[in-house]
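Survey of secondary and tertiary structure
Residue-level listing of the chains:
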Amino acid sequence: MAVYEATHPLIKHKLGLMRQHDISTKEFRELASEVARLLTYEATKDLETEAETIECWSGPVEVQRIKGKKITVVPILRAGLGMMDGVLDLIPSARVSVVGLYRNEETLEPVTYYEKMTGSMEDRTALILDPMLATGGSLIACIDMLKKSGCTSIRGLFLVAVPEGIEKVEAAHPDVDIYVASVDERLNENGYILPGLGDAGDKIFGTK
Ligand SMILES: O=P(O)(O)OC[C@H]1O[C@H](OP(=O)(O)OP(=O)(O)O)[C@H](O)[C@@H]1O
Ligand SMILES: O=c1cc[nH]c(=O)[nH]1
Ligand SMILES: [Mg+2]
C-alpha cells in the first residue's frame, strides 16, 4: 500500500485553518472541499491516458484522454459528502457510489446502513472519500464492499489519518493506496484522532 502524505503548502495551510477549535460550519465545510480538490489532483496524477485523434481548428491532432471507464467516487456517509463537491470539481463526469457507515461509539466497530454502487464497478477506479481514517474499521468495511462489487482499482482520500489505522488497513488491503493531507499522531481513549479535527461529521453537518 502506498501512503501519500501531502506536502503542498496550500494543503498544509488549509488543514491548519481547519484545526482551529471555534471554526464555523461554513468555514469547515468550505475548507474540507478545497483540501479534497487539491488531494484529487495528487490522487489522479498517474491515471493512464490513451491517444485519440480529433479535428482541431488547424486540422487533425492527437490528444490524450483518460483511459477506461469513468471514475467512481465513493463518499462514506456522512462526513465523506463534505469532500465530494471538491472532488467532482475536478472530475465532473465521475459516477457516484454511496456507502453508509457509522462507528459504534462504544465498540468503535463500523456499522453498515447503506450501499448503492454504480454499474460496471469491475472496470472503474474508485476514489473513496472520508475526512477521517481513525481505527481503520470503516475504511476496511468500505473496501470489502467495493471488492465484493467487483472493483479492483481502489484509492482513498482522507484529510487526517493515524499510523495505527493505516497499518490495520494495509494488513487487510495492501493493494489500496491512500492520499492524506496529514498523518497525525495517535488516537485518544475514545478513538478520536489527536491532534485531529474533532468530529468531522458534526462539523460538516453542523450537528451537536
Ligand atoms: O477509522 P474509524 O475508526 O472507523 O473511524 C472513522 C470513521 O468515523 C467517522 O464517521 P462517523 O462514524 O462519525 O460517522 P458520520 O460520518 O456519520 O459522522 C469518519 O467519518 C469515518 O467514517
Ligand atoms: O477523530 C475522529 C475519529 C473518527 N471520526 C471523527 O470524526 N473524528
Ligand atoms: Mg461522526
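Everything numeric here is computed off the predicted structure, so don't read it as measured data. (Residues numbered from 1 in each chain as written. Chains lettered and ligands numbered in written order. Predicted model: local features only at pLDDT ≥ 70, side-chain atom pairs only at ≥ 80, totals over all residues.)

1. A word on the overall build of the protein chain
Helix and strand counts for the protein chain come out as 6 helices and 13 strands. The C-alpha atoms of the protein chain give a radius of gyration of 18 Å, which matches the 17 Å a tight globule of 208 residues would have. In terms of its C-alpha atoms, the protein chain occupies a principal-axis envelope of roughly 65 × 35 × 30 Å. Taking all 208 residues of the protein chain together, the buried fraction comes to 38%. Taking the intrachain contacts of the protein chain between residues at least 6 apart in sequence as the baseline, contacts between residues at least 24 apart amount to 66%. (Helix = DSSP H or I, 4+ residues; strand = E, 2+ residues; numbered from the N terminus. Rg over C-alpha atoms; globule rule 2.2 N^0.38 Å. Buried ≥ 20, exposed ≤ 12 C-beta atoms within 10 Å, placed from the backbone. Contact = placed C-beta atoms within 7 Å.)

2. Quick word on the UniProt feature "domain: Phosphoribosyltransferase" (unreviewed entry) in the protein chain
UniProt's feature table lists "domain: Phosphoribosyltransferase" (unreviewed entry) at residues 7-207, given in the numbering used throughout. Between the end C-alpha atoms of residues 7-207 there is a gap of 31 Å, over a span that is 33% helix and 32% strand. (UniProt positions renumbered as here; feature names shortened; annotations may be inferred.)

3. Re the UniProt feature "binding site: 5-phospho-alpha-D-ribose 1-diphosphate" (unreviewed entry) in the protein chain
Following the UniProt record, one finds the feature "binding site: 5-phospho-alpha-D-ribose 1-diphosphate" (unreviewed entry) at Arg78, Arg103, Asp130, Pro131, Met132, Leu133, Ala134, Thr135, Gly136, Gly137, Ser138 and Asp199. When you line up the elements, arginine 78 lands in the loop between strand E4 (72-77) and helix H3 (81-90). With residues near it in sequence (within four places) discarded, arginine 78 still touches Gly201 and Phe205. Classification of glycine 137 as buried rests on a count of 22 C-beta atoms within 10 Å. Residue contacts for glycine 137: discarding those within four places in its chain leaves Arg103, Leu108, Glu109 and Pro110.

4. Some thoughts on the site of ligand 2
Lining the immediate environment of ligand 2, one finds Met132, Ala134, Tyr192, Ile193, Gly196, Asp199, Ala200 and Gly201. Counted by class, the shell around ligand 2 contains 5 nonpolar, 2 polar and 1 charged residues. (Near = placed C-beta within 6 Å. Nonpolar A, V, L, I, M, F, W, Y, C, P; charged D, E, K, R; others polar.)

5. A look at the environment of leucine 139
Within the secondary structure layout, leucine 139 lies in helix H4 (residues 137-148). The spacing of leucine 139 and aspartate 85 is 54 residues in sequence and 20 Å in space, taken between C-alpha atoms. Other than its neighbours up to four places away in sequence, leucine 139 contacts Ile128, Asp130, Leu133, Gly156 and Val169.

6. Comments concerning the site of ligand 1
Near ligand 1 you find 23 residues, and of these Ala79, Ala134, Thr135, Ser138 and Gly201 are the closest. Looking at the shell around ligand 1, the elements that each hand over two or more residues are E4, strand E6 (98-103), strand E9 (132-133), H4 and helix H6 (200-205).

7. Some remarks on the packing of helix H2 (residues 25-43) against H3
Contact geometry for H2 and H3: axes closest at 7 Å, N-to-C directions at 45°. One finds that H2 runs oblique with respect to H3. As for the relative orientation of H2 and H3, their crossing is right-handed in sense. Residues Arg29, Ala32, Ser33, Glu34, Ala36, Arg37, Thr40 and Tyr41 of H2 form the contact with H3, whose participating residues are Gly82, Met83, Asp85, Gly86, Val87, Asp89 and Leu90. (Axes fitted to C-alpha atoms, helices over the stretch in contact; angles between N-to-C directions. Parallel < 35°, antiparallel > 145°, perpendicular 65-115°, else oblique. Left-handed = near helix turned anticlockwise from the far one by under 90°.)

8. Digging into the nonpolar core
In terms of nonpolar packing, the biggest core is built from 53 residues, with Leu127, Ile128, Leu129 and Leu157 touching the most fellow members. No other element matches the 7 residues that H2 contributes to this core. Those residues in contact with leucine 127, other than ones at most four positions away along the chain, are Ala43, Ile71, Val73, Val74, Val87, Arg155 and Leu157. (Core = buried A, V, L, I, M, F, W, Y, C linked by C-beta atoms within 7 Å.)

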